[in-house]
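Chains, contacts and geometry: an overview
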There are 2 protein chains.
Amino acid sequence: MAQAQILSKNQQIVLDIIEKAKGPLKAYSILFNVQKKGINAPQQIYRALDKLIEMGKIHKIESKNAFVACRNSNCEISKATAFSICESCEMVDEIIDVKLSKYLSSFSDKKGTKYKRFNLEFFGLCKKCK
Amino acid sequence: MAQAQILSKNQQIVLDIIEKAKGPLKAYSILFNVQKKGINAPQQIYRALDKLIEMGKIHKIESKNAFVACRNSNCEISKATAFSICESCEMVDEIIDVKLSKYLSSFSDKKGTKYKRFNLEFFGLCKKCK
DNA sequence: ATAACAAACGTTATATTATAACATTATATG
DNA sequence: CATATAATGTTATAATATAACGTTTGTTAT
């Protein structure tokens, strides 16, 4: 049985910050925010980020080098991620859409190759900025 | 009338290198490869890259911070990109699939928002590596 | 042809993002 | 308990990207 994930101290600190944030956070901005908690070096942040990504607790927004909390029930969906990104205010929303996810997960290219993971980033203007 | 794009000297140098390459190229690797041609500074590379991206001549592979030539007829498709990325050999292929492209271009989220641009990256093993 | 503007260039410096390497401490697991 | 694995702390450095400034080249409108 896969037991409930227990996070290490640093992992928990980093996850807390990301979950509390309104938008995507950058690694060094996380670092500056946790120096009071005794985390002093980028390595400590990046190591926590790596593990949290592995666990599916957070995602990296590749086009922004920034990190957001997963709001998709921590399931295996980290292999199938989609985001909407506002080009004006930089807001990021995770898109949870079963049809889209199924469509892409079952996509096979012209050679018939299937893929085990994908990441999709949509760009546009969010409601507020429109 | 939109006249045929004429590239500047540096833009042409950078594009040539990217088009000749078998795989995605990183900015600094481009830089090292063109120093004999009198390009000495990262700025010169990044400026050329930015313009080439605007023109749709190349694309950035966000998950790799690397650049590939567009093989999709330089059309407006740079607003709708999809790639397959081999997790073993790092090979990248642009996916040209009208159905996929239409599906995603017309995608609207739960709030009915449509997006004017997207980028999709699939990960798996290429034929060779399987 | 030339004035005026925009685009591209060259250069130096620096900011930002990420990893290497190594010694130590904490936590599982047999 | 022994020992293996994961996490930590730390210093240093690599890799990626942009700021800022002055000059040169190319375009366009007169």
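Residues numbered from 1 in each chain as written. Chains lettered and ligands numbered in written order. Predicted model: local features only at pLDDT ≥ 70, side-chain atom pairs only at ≥ 80, totals over all residues. Heavy atoms only, no water.

1. Considering the interface of chain A and chain B
At the interface, 29 residues of chain A touch 29 residues of chain B. Taken over both partners, the interface formed by chain A and chain B buries close to 2900 Å², and the fraction arising from carbon and sulfur atoms is 58%. A per-residue breakdown of the area chain A buries against chain B is headed by Y115(A), F122(A) and F123(A), which together make up 20% of the total. There are 6 salt bridges connecting chain A and chain B. Between E87(A) and K116(B) there is a salt bridge; the shortest N-O distance is 3.1 Å. Inspection of the region where chain A meets chain B yields 16 residue pairs in polar contact (both at pLDDT 80 or more). Only helix 4 (98-105) and strand 5 (117-124) of chain A provide two or more residues apiece to the side of chain A that touches chain B. (Contact = heavy atoms within 4.5 Å. Buried area = accessible area lost by both parts, 1.4 Å probe. Salt bridge = Lys/Arg side-chain N within 4 Å of Asp/Glu carboxyl O. Polar contact = N/O pair within 3.5 Å; in protein donor to acceptor, adjacent residues only side chain to side chain. Helix = DSSP H or I, 4+ residues; strand = E, 2+ residues; numbered from the N terminus.)

2. Considering the domain arrangement of chain A
Residue and element names in this part refer to chain A. For chain A, the assigned domains are domain 1 (9-69) and domain 2 (76-124). On a C-alpha basis, the centroid separation for the pair domain 1 and domain 2 is 22 Å. Listed as interface residues are 9 residues of domain 1 and, on the opposing side, 10 residues of domain 2. On the domain 1 side of the interface with domain 2, the three residues burying the most area are H59, I61 and K64, jointly 54% of the side's total. Our count for the domain 1 to domain 2 interface comes out at 1 salt bridge. The partner of K64 in a salt bridge is E90, and the shortest N-O contact between them spans 2.9 Å. (Domains from an automatic or database assignment.)

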